[in-house]
Amino acid sequence: MTTAAPRPDPAELADRLVQVLFEADPLRASMLGFHDRDAELPDLSDPAERALAGRLRELAAAARQADRDRLDPDDRLTLDVVRVVAADGAEVADTRRPEWQLTDLWEGPAAAVLLFLPLLTLSEPTQAEAYAERLRGLDGYLGAAADRHLAGVEAGRRPVARLVRAAVEQIDNYLSAPDLDPLRGPRPPAGWDGAGRFGRELDQVLAGVVRPAFERYRARL
């Protein structure tokens, strides 16, 4: 005698969806106040994008398999949100967006960093240390972005020329004013005795890693 597989729980599916989305976009997690991925940046590689699409499809399928008749209205709504968000996210991943989405608006890989990282609040020393580690990862992040852009061009998925020029201009503006670097914006935790060391480390990372990474990315654009 076989036992039927348990029906998926809507709350569990919602939690799984949030985890998948945060793993794909750790910056979003930090912006929303979830700090277990504060040192990470999105993985823009094609294998990571394919894996994301697969996980989202699995979640959408699990939501479709739930027995809606046994659920109360709130759980049905949760289930519908999971199904729609997961299915739409998988379809977006299928467009290979990192290959052609180049702009100076927040959707662009460099623009997202320059716009969102300065908005972070560093409330704890661990968050400050993770922020410096995240900045060290920008060379790999921007390098992966450029690789995807060039792969898109080779495959015929080309970005809009004027938006590429806008992205280059945005990076030029960033590089032209190192004393006003927005990535220096997040302040260390109040009263932290490591604030001075953190500031010196940040200056070293920005000068030695971040701005050179932006220069290389600009050259490839």
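Relevant structure appears above.
Every value quoted in this text rests on a predicted model; they were computed, and no experiment measured them. (Residues numbered from 1 in each chain as written. Predicted model: local features only at pLDDT ≥ 70, side-chain atom pairs only at ≥ 80, totals over all residues. Heavy atoms only, no water.)

Help me out: how do you make sense of the packing of aromatic side chains in this one?
Aromatic rings considered in pairs are described by the distance between their centres and by the relative angle of their planes. Applying the stated criterion across every chain, the model contains 4 aromatic pairs. Look at Phe 22 and Phe 34: their rings are 5.1 Å apart centre to centre, the planes differ by 50 degrees, and that puts the pair in the tilted class. Here Phe 22 is found in helix H1 (residues 10-24), whereas its partner Phe 34 is found in the loop between helix H2 (26-31) and helix H3 (46-65), with 12 residues between them in sequence. Judged by relative accessible area, Phe 34 falls into the partly exposed class, the value being 44%. Measuring from ring centre to ring centre gives 6.4 Å for Trp 106 and Phe 116, while their planes differ by 55 degrees; the resulting arrangement is tilted. Of this pair, Trp 106 sits in the loop between helix H5 (97-100) and helix H6 (109-116) while Phe 116 sits in helix H6; the two residues are 10 residues apart in sequence, bridging distant segments of the chain. The exposure class assigned to Phe 116 is partly exposed, which follows from its relative accessible area of 25%. (Phe/Tyr/Trp six-rings, centres within 6.5 Å; stacked < 30°, edge-to-face > 60°. Helix = DSSP H or I, 4+ residues; strand = E, 2+ residues; numbered from the N terminus. Buried < 20%, exposed > 50% of the residue type's maximum accessible area, 1.4 Å probe, protein only.)

For this particular structure, what's the right way to read the packing of H1 against helix H4 (residues 73-94)?
Packed helices, taken two at a time, are described by the angle between their axes plus the distance between the axes. Orientation of H1 relative to H4, taken along the N-to-C sense of each, is 30 degrees, at an axis distance of 9 Å. Taken together, H1 and H4 sit at an angle that is classed as roughly parallel. Crossing of H1 against H4: the hand is left-handed. Contacts between H1 and H4 involve Pro 10, Ala 11, Leu 13, Ala 14, Leu 17 and Leu 21 from the former and Asp 75, Thr 78, Leu 79, Val 82, Val 85 and Ala 86 from the latter. In terms of residue class, the contact of H1 with H4 is built from 10 nonpolar, 1 polar and 1 charged. (Axes fitted to C-alpha atoms, helices over the stretch in contact; angles between N-to-C directions. Parallel < 35°, antiparallel > 145°, perpendicular 65-115°, else oblique. Left-handed = near helix turned anticlockwise from the far one by under 90°. Contact = heavy atoms within 4.5 Å. Nonpolar A, V, L, I, M, F, W, Y, C, P; charged D, E, K, R; others polar.)

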